[in-house]
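Here are the chains, one letter per residue:
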Amino acid sequence: MADDAPDYAIWLAVIGRSLARLALERAIDRDPDKYKEVLVKVKFLEGLGLPQADAAEAAGSTAESVRVARYNKSKAKKSGKKSSKTARAGRR
């Protein structure tokens, strides 16, 4: 079945990645403060349909560092909630 694909089919992924990169550049031009962080850029590119590895590369990072940054961000949110609860309890 894969042999039945037209010759131009291999270029569709390249074209898609290129358009996603251009869309990111346009978004950064419109609102540079919003797209300062790599995770925000990766989320934008993943929203356009790029896999995490391609999105990380287009955002100027690696898939592994994006994975670690997401993990650290999720841990910070969880620990922040716990510390705020203990801070509230201490104020009573």
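Note that the structure is predicted; figures quoted are calculated from it, not measured.

Asker: Whenever I open this one, the overall build of the protein chain confuses me. Can you help?
Answerer: Helices and strands together make up the secondary structure of the protein chain, namely four helices and zero strands. Approximately 7,200 Å² of the protein chain is accessible, and the part contributed by carbon and sulfur atoms is 56%.

Asker: What am I meant to see in the packing of aromatic side chains here?
Answerer: The tally for this structure, following the rule as stated, stands at one aromatic pair. Between the aromatic rings of Tyr35 and Phe44, the centroid separation amounts to 5.5 Å while the plane-to-plane angle is 75°, which identifies the pairing as edge-to-face. Given the relative accessible area of 24%, Phe44 is considered partly exposed.

Asker: Explain helix H1 (residues 9-30) to me, please; I cannot follow it from the model alone.
Answerer: The periodicity of an α-helix, 3.6 residues per turn, causes residues three or four positions apart to be oriented the same way. For H1, built from 22 residues, the straight-helix expectation of 32 Å at 1.5 Å per residue is met to within 8% by its first-to-last C-alpha distance of 32 Å. For H1, every residue scored as buried is listed here: Ala20, Leu24, Ala27 and Ile28. Projected down its long axis, H1 shows its buried positions confined to an angular sector of 100°, all on one face. Facing away from the buried surface of H1 by more than 90 degrees, the exposed residues are Trp11, Leu12, Leu19, Leu22, Asp29 and Arg30.

Asker: Would you mind going over a nonpolar patch on the surface with me for this structure?
Answerer: On the surface, a cluster of nonpolar side chains totalling about 880 Å² of accessible area is made up of Tyr8, Ile10, Trp11, Leu12, Val14, Ile15, Leu19 and Leu22. In this fold, Leu19 is placed in helix H1.

The rules behind these values
- Counting of residues starts from 1 at the beginning of each chain's written sequence and follows it residue by residue.
- Only residues with pLDDT of 70 or above have their local features reported here, since the model is predicted, and side-chain atom pairs are shown and tallied only from 80 upward, although totals for entire chains, interfaces and linings are computed over all residues.
- Excluded from the side-chain calculation are hydrogens and water; included are all heavy atoms of the structure.
- To qualify as a helix, a DSSP run of H or I must reach at least 4 residues; to qualify as a strand, a run of E must reach at least 2; elements of each kind are numbered from the N terminus.
- Here the open area of atoms and residues is found with the Shrake-Rupley method and a 1.4 Å probe, where only the protein chains shown may cover a residue.
- Any pair of Phe, Tyr and Trp rings, taking the six-membered ring for Trp, is counted once the centres come within 6.5 Å. Such a pair is stacked with planes under 30 degrees apart, edge-to-face with planes over 60 apart, and tilted for the rest.
- Partly exposed describes any residue whose relative accessible area lies between the buried limit of under 20% and the exposed limit of over 50%, with all areas from a 1.4 Å probe on protein chains only and scaled to the type maximum.
- Take the number of residues in a helix, subtract one, and multiply by 1.5 Å to get its expected span.
- In this context, the arc is that of the directions from the helix axis out to the C-beta atoms.
- Patches draw on residues past 30% relative accessible area with no salt bridge. Two like charges within 9 Å are joined, as are two nonpolar side chains (Val, Leu, Ile, Met, Phe, Trp, Tyr) within 5 Å.
- Salt bridge, as applied in this entry: a Lys or Arg side-chain nitrogen positioned within 4 Å of an Asp or Glu carboxyl oxygen.

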